[in-house]
Amino acid sequence: MLSPPPVSQGLLFGSFLYNTNLFSEEALRKEWDAFYGPSFYFNPQHNPLAKYYSTEMGNQENLKRFFALTSAPFDRQELLKSKLQALKWEENWSVQSKRMVNVDTGMLTLENFILATTKNYSHRIFIGSNIFADLTYQFQLGKFQLLPWTYPDYHDDAKIEFFTWGRAHLHNLLTHGKS
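All figures in this text were calculated on a predicted structure; none of them were measured in a lab.

1. With respect to the nonpolar core
One recurring pattern in soluble globular proteins is that nonpolar side chains are buried together. If you look at the biggest cluster of nonpolar residues, it comprises 24 residues, and the most contacted ones within it are Phe16, Leu28, Trp32, Trp93 and Val101. The set of elements that each furnish at least two residues to this core consists of β1 (11-19), α1 (25-36), β3 (63-70), α3 (78-92), β4 (101-108), β5 (112-117) and β7 (131-140). Non-local contacts of phenylalanine 16, meaning those with residues more than four positions away in its chain, are made with Leu28, Trp32, Lys64, Arg65, Phe66, Trp89, Trp93, Val101, Asn102 and Val103.

Okay, here's the thing in structure tokens:
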């Protein structure tokens, strides 16, 4: 093969864990939409890492979370760019060198769901600029499957259903040009 086949696009994902005393969901959504366009949103009820992040971000009772998933597809190289943008946001929104908004990004494709991270580990692939790709789910047997290293935060059914719905939206966009 002299030239590789084109690679399909994916939907960009954002997870915002934020201190409600300092930020509103509406304001953070506007930032995301201004950068990535209209998106779908989901407010997960299961947030086992709120206690962990409370040491940096304040009382866990004040920590809320939402997910964003773009309504339009992006080229896969945008995964790296999205994480670099997330790091800028975290720095801009910090107070006394502490994050008040934790922003994780990822990409949902027909085959899998990948998170971008600054932390290296044996199953993570370096994608540039000190960022690694973490395969969080793979799509098999008609649904997203957990992997041995999938963060516990992504184990609950409601989140998997949201990503499965997003995959169906992406499939319709890529095959029919509509959702």
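What follows picks up the thread again.
2. Concerning the layout of surface pockets
The calculated volume of the largest pocket comes to roughly 460 Å³. What lines the largest pocket is a set of 26 residues, among which Tyr53, Asn102, Asp104, Lys119 and Tyr151 lie closest to the centre. The residue makeup of the lining of the largest pocket, split by class, is 13 nonpolar, five polar and eight charged. As a volume, the second largest pocket reaches approximately 160 Å³. In this structure, the second largest pocket is lined by Tyr18, Glu25, Asn43, Pro44, Gln45, Asn47, Ala50, Leu63, Lys64 and Arg65. The residue inventory of the lining of the second largest pocket, partitioned by class, reads four nonpolar, three polar and three charged.

3. Quick word on the side chain of glutamine 85
Looking at the secondary structure, you find glutamine 85 in helix α3. Apart from residues lying up to four places away in sequence, glutamine 85 is in contact with Phe35 and Tyr36.

4. Description of the packing of aromatic side chains
Enumeration over the complete set of coordinates arrives at 33 aromatic pairs. By the ring-pair criterion, three or more aromatic residues cluster together here, those being Phe16, Tyr18, Phe23, Trp32, Phe35, Tyr36, Tyr41, Phe66, Phe74, Trp89 and Trp93. Lying across the ring of phenylalanine 66, arginine 29 places its NZ or CZ 5.8 Å from the centre.

5. What about the environment of proline 5?
By secondary structure assignment, the location of proline 5 is in the segment before β1. Using a relative accessible area of 52% as the deciding quantity, one classes proline 5 as exposed. Sequence-wise, proline 5 and threonine 109 are 104 residues apart; in three dimensions their C-alpha atoms are separated by 16 Å.

6. Looking at the pairing of β5
For β5, the buried fraction is high: six of the six residues fall into the buried class. Burial along β5 is two-sided: the residues Asn112, Ile114 and Ala116 and Phe113, Leu115 and Thr117 are all buried. Bridging between β4 and β5 involves three bridges; their strand directions are antiparallel. Paired with methionine 107 across the two strands is isoleucine 114, which belongs to β5. Connecting β4 to the next strand, β5, in antiparallel fashion are three residues. Note that β5 and β7 share six bridges and pair antiparallel. Paired with phenylalanine 113 across the bridge in β7 is tyrosine 137.

7. Let's talk about unusual backbone geometry
Both trends apply: most residues other than glycine have a negative phi, and most peptide bonds are in trans. The backbone phi angle of asparagine 130 is positive, close to 65 degrees, even though this residue is not glycine. The residue asparagine 130 is located in the loop between β6 (125-128) and β7 in this model. Of note in the backbone geometry, leucine 141 takes a positive phi value of approximately 55 degrees without being a glycine. Take leucine 141: it is sitting in the loop between β7 and β8 (143-146).

Rules used throughout
- Residues numbered from 1 in each chain as written.
- Predicted model: local features only at pLDDT ≥ 70, side-chain atom pairs only at ≥ 80, totals over all residues.
- Heavy atoms only, no water.
- Core = buried A, V, L, I, M, F, W, Y, C linked by side-chain atoms within 4.5 Å.
- Buried < 20%, exposed > 50% of the residue type's maximum accessible area, 1.4 Å probe, protein only.
- Helix = DSSP H or I, 4+ residues; strand = E, 2+ residues; numbered from the N terminus.
- Contact = heavy atoms within 4.5 Å.
- 1 Å grid on protein atoms, 1.4 Å probe; cavity = no way out; pocket = protein on both sides within 12 Å on 5 of 7 lines; lining within 4 Å.
- Points joined across faces, edges and corners; volume = space filled by probe spheres on them.
- Nonpolar A, V, L, I, M, F, W, Y, C, P; charged D, E, K, R; others polar.
- Phe/Tyr/Trp six-rings, centres within 6.5 Å; stacked < 30°, edge-to-face > 60°.
- Lys NZ or Arg CZ within 6 Å of the ring centre and 35° of its normal.
- Pairing = 2+ DSSP bridges.

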